[in-house]
Amino acid sequence: MNEALLDARGLNCPIPVLKANRLLRSMAAGNKLRVLTTDRASIVDFQVFCRETGHALIAFTEENGTLCFTIRRRTDMPQA
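Calculation rules
Residues numbered from 1 in each chain as written. Predicted model: local features only at pLDDT ≥ 70, side-chain atom pairs only at ≥ 80, totals over all residues. Heavy atoms only, no water. UniProt positions renumbered as here; feature names shortened; annotations may be inferred. Pairing = 2+ DSSP bridges. Helix = DSSP H or I, 4+ residues; strand = E, 2+ residues; numbered from the N terminus. Right-handed = clockwise from strand over helix to strand, strands pointing away. Axes fitted to C-alpha atoms, helices over the stretch in contact; angles between N-to-C directions. Contact = heavy atoms within 4.5 Å. Expected span 1.5 Å × (residues − 1). Buried < 20%, exposed > 50% of the residue type's maximum accessible area, 1.4 Å probe, protein only. Arc of directions from axis to C-beta. Phe/Tyr/Trp six-rings, centres within 6.5 Å; stacked < 30°, edge-to-face > 60°.

- An unreviewed UniProt entry annotates the protein chain as Sulfurtransferase tusA originating from Acetobacter orientalis.
- Per its UniProt entry, the protein chain bears the Sequence similarities (unreviewed entry) comment "Belongs to the sulfur carrier protein TusA family."

Next up, the structure:
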């Protein structure tokens, strides 16, 4: 299983989620995406995004103002 990294630090809502969505669509089912962001609105944005799209938000951490989300791409979605 692969893990990709999206550095969205400095970008504001909704750009981190939009960029993550684009990347997840190109990834193979079950792969992980780690997203770094500094926008506090991303906490709710990624929770709602994952709930509504079926991707799994498997980890969330915060360190020195950087939020890190780990998302696993849903397995029943065709790759774009």
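Still more to cover.
### Here's the deal with the pairing of strand S1 (residues 3-8)
Stage number 1. With six bridges joining them, S1 and strand S2 (residues 32-37) adopt parallel strand pairing. Among the inter-strand pairings, Leu6 is bridged to a residue of S2, identified as Val35.
Stage number 2. With helix H1 (residues 15-26) bridging S1 and its parallel neighbour S2, the resulting β-α-β unit is right-handed.

### Describing the sheet that holds S1
Stage number 1. The four strands are arranged S1-S2-S4-S3 in an open sheet whose pairing can be described as mixed. Each edge of the open sheet is held by one strand with a lone partner, namely S1 and strand S3 (56-63). With strand direction ignored, the average angle separating the axes of adjacent strands in the sheet is 15°.
Stage number 2. Where S2 and strand S4 (residues 66-72) come together, six bridges link them in antiparallel fashion. Within the sheet, the bridge partner assigned to Arg34 lies in S4 and is Thr70.
Stage number 3. Taken strand by strand, H1 contacts S1, S2 and S4, and its axis lies near 155° from that of S1.
Stage number 4. Those strands touched by helix H2 (residues 42-53) are S2, S3 and S4, and its axis lies near 5° from that of S4.

### Quick word on H2
Stage number 1. Taking 1.5 Å of rise per residue, 12 residues should cover 16 Å, and H2 covers 16 Å from first to last C-alpha, within 8% of that figure.
Stage number 2. Buried within H2 are the following residues: Ser42, Ile43, Phe46, Phe49 and Cys50. For H2, the angular spread of buried residues about the axis comes to 140°, placing them on one side. H2 presents Arg51 and Glu52 as exposed residues on the side facing more than 90 degrees away from its buried surface.
Stage number 3. Along its buried surface, H2 packs onto H1, S2, S3 and S4.
Stage number 4. The positive-phi residue at the C-terminal boundary of H2 is Gly54, with phi of around 90°.

### A few points about the packing of aromatic side chains
Stage number 1. Within this structure, the stated rule accounts for three aromatic pairs.
Stage number 2. Judged by centre distance (6.4 Å) and plane angle (90°), the rings of Phe46 and Phe49 are edge-to-face. Placement of both Phe46 and Phe49 in helix H2 is noted, with a separation of three residues, approximately one turn of the helix.

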